[in-house]
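Residue-level listing of the chains:
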Amino acid sequence: MLRISRDLSIDENDIDIAFVRASGPGGQNVNKLSTAAQLRFDTRRITLPEDAALRLNRLAGQRMTKDGVIVIHAQRFRTQERNRADAIDRLLELLREAMVRPVPRRATKPTFGSKQRRLEGKKRRSDVKAKRGSGGLDD
């Protein structure tokens, strides 16, 4: 069992990992070995709160299919073991981030002092710019 939060844990048997050939540079090694890990996890197998499920859908983006399956492709490393661990870590991080409720923002008013400092700065800048040009022609 992999622990996501104190309320949620997933079974390792629910995660399907297949190894495929990696793309990109690597010489003949890329053509011979299947080291890239392709992780598939069906989110319908776990019970998520409604708000967490919506956040997970938004965070996963293109990585989630219409059926609710998260697909993660890991090919950063040269070995299957490290790519497998990387894919699982990325899945757990995605699920942990979805479980965190965002803190609602409370609107606040700027303080009187901050308003005064802002207006003073604008006045100083205005004076600098006003003195920049030619002072006019005095005949």
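Residues numbered from 1 in each chain as written. Predicted model: local features only at pLDDT ≥ 70, side-chain atom pairs only at ≥ 80, totals over all residues. Heavy atoms only, no water.

**Q** Help me out: how do you make sense of the overall build of the chain in this one?
**A** Looking only at helices and strands, one finds four helices and five strands in the chain. Taken from N to C terminus, the helices and strands of the chain fall in the order β-β-β-α-β-α-β-α-α. Counting the 139 residues in the chain, one finds 26% classified as buried. Considering only intrachain contacts with a sequence separation of at least 6, the fraction spanning at least 24 residues in the chain is 59%. Approximately 10800 Å² of the chain is accessible, and the part contributed by carbon and sulfur atoms is 49%. (Helix = DSSP H or I, 4+ residues; strand = E, 2+ residues; numbered from the N terminus. Buried < 20%, exposed > 50% of the residue type's maximum accessible area, 1.4 Å probe, protein only. Contact = heavy atoms within 4.5 Å. Areas by Shrake-Rupley, 256 points an atom, 1.4 Å probe, with all protein chains shown as cover.)

**Q** Mind showing me how you'd approach the environment of Asp67 here?
**A** Topologically, Asp67 is positioned in the loop between α2 (50–60) and β5 (69–74). Each C-alpha atom, one on Asp67 and one on Arg44, is 8.7 Å from the other, the two residues being 23 residues apart in sequence. Contact partners of Asp67, with chain neighbours within four places excluded, come to Asp42 and Arg44.

**Q** Sorry, what's going on with the packing of α2 against helix α3 (residues 80–99) here?
**A** The description of two helices packed together rests on the angle between their axes and the distance between the axes. Across the interface, α2 lies against α3 with an axial gap of 8 Å and an inter-helix angle of 135°. Considering the angle they form, α2 stands oblique to α3. The crossing of α2 and α3 is right-handed. Here Ala52, Arg55, Leu56, Leu59 and Ala60 of α2 come into contact with α3, specifically with Leu94, Leu95, Glu97, Ala98 and Met99. Looking at the contact of α2 with α3 residue by residue, the class counts come to eight nonpolar, no polar and two charged. (Axes fitted to C-alpha atoms, helices over the stretch in contact; angles between N-to-C directions. Parallel < 35°, antiparallel > 145°, perpendicular 65-115°, else oblique. Left-handed = near helix turned anticlockwise from the far one by under 90°. Nonpolar A, V, L, I, M, F, W, Y, C, P; charged D, E, K, R; others polar.)

**Q** Before we go on, may I ask you to explain α3 in this structure?
**A** Owing to its 3.6 residues per turn, the α-helix aligns residues three or four sequence positions apart on the same side. With 20 residues, α3 extends 29 Å from end C-alpha to end C-alpha; this agrees with the ideal 28 Å at 1.5 Å per step. Those residues of α3 that sit buried are Asn83, Asp86, Ala87, Ile88, Leu91, Leu92, Leu94, Leu95 and Ala98. (Expected span 1.5 Å × (residues − 1).)

**Q** In this structure, what is going on with the pairing of β5? I would like to understand it.
**A** Where a strand is regular, its side chains alternate between the two sheet faces. Counted residue by residue, β5 has five buried out of six residues, so it is predominantly covered. Pairing of strand β4 (residues 36–42) with β5, which is carried by six bridges, proceeds in the antiparallel orientation. Bridge assignment links Leu39 to a residue of β5, and that residue is Ile72. (Pairing = 2+ DSSP bridges.)

**Q** Would you mind showing me how to read the pairing of β4 here?
**A** With five of seven residues buried, β4 is to be regarded as a mostly interior element. Sheet topology note: the strand β3 (residues 15–20)/β4 ladder contains six bridges and is antiparallel. What sits directly across from Asp16, in β4, is Arg40.

**Q** I keep staring at the confidence of the model for the chain and nothing clicks. Help me out?
**A** The predicted structure's coordinates, where accompanied by low pLDDT, should not be read in detail. In this model, the chain carries an average pLDDT of 81, and 86% of its residues clear a pLDDT of 70 or more. Model confidence for the chain, summarised as mean pLDDT per element, is weakest for helix α1 (residues 28–32) at 68 and strongest for helix α4 (residues 112–132) at 94. (pLDDT = per-residue confidence, 0-100.)

**Q** I tried to follow the sheet that holds β3 on my own but got confused; where do I start?
**A** Strands in a sheet are paired, the pairing made by backbone hydrogen bonds, and the direction either parallel or antiparallel. Read across the open sheet, the three strands follow the order β3-β4-β5; overall the sheet is antiparallel. Taken across any chain shown, the strands that pair with only one partner, and hence form the sheet edges, are β3 and β5. When the angles between neighbouring strand axes are averaged without regard to direction, this sheet yields 20°. Sheet contacts for α3: β3, β4 and β5; angle to β5, the most-contacted strand, approximately 140°.

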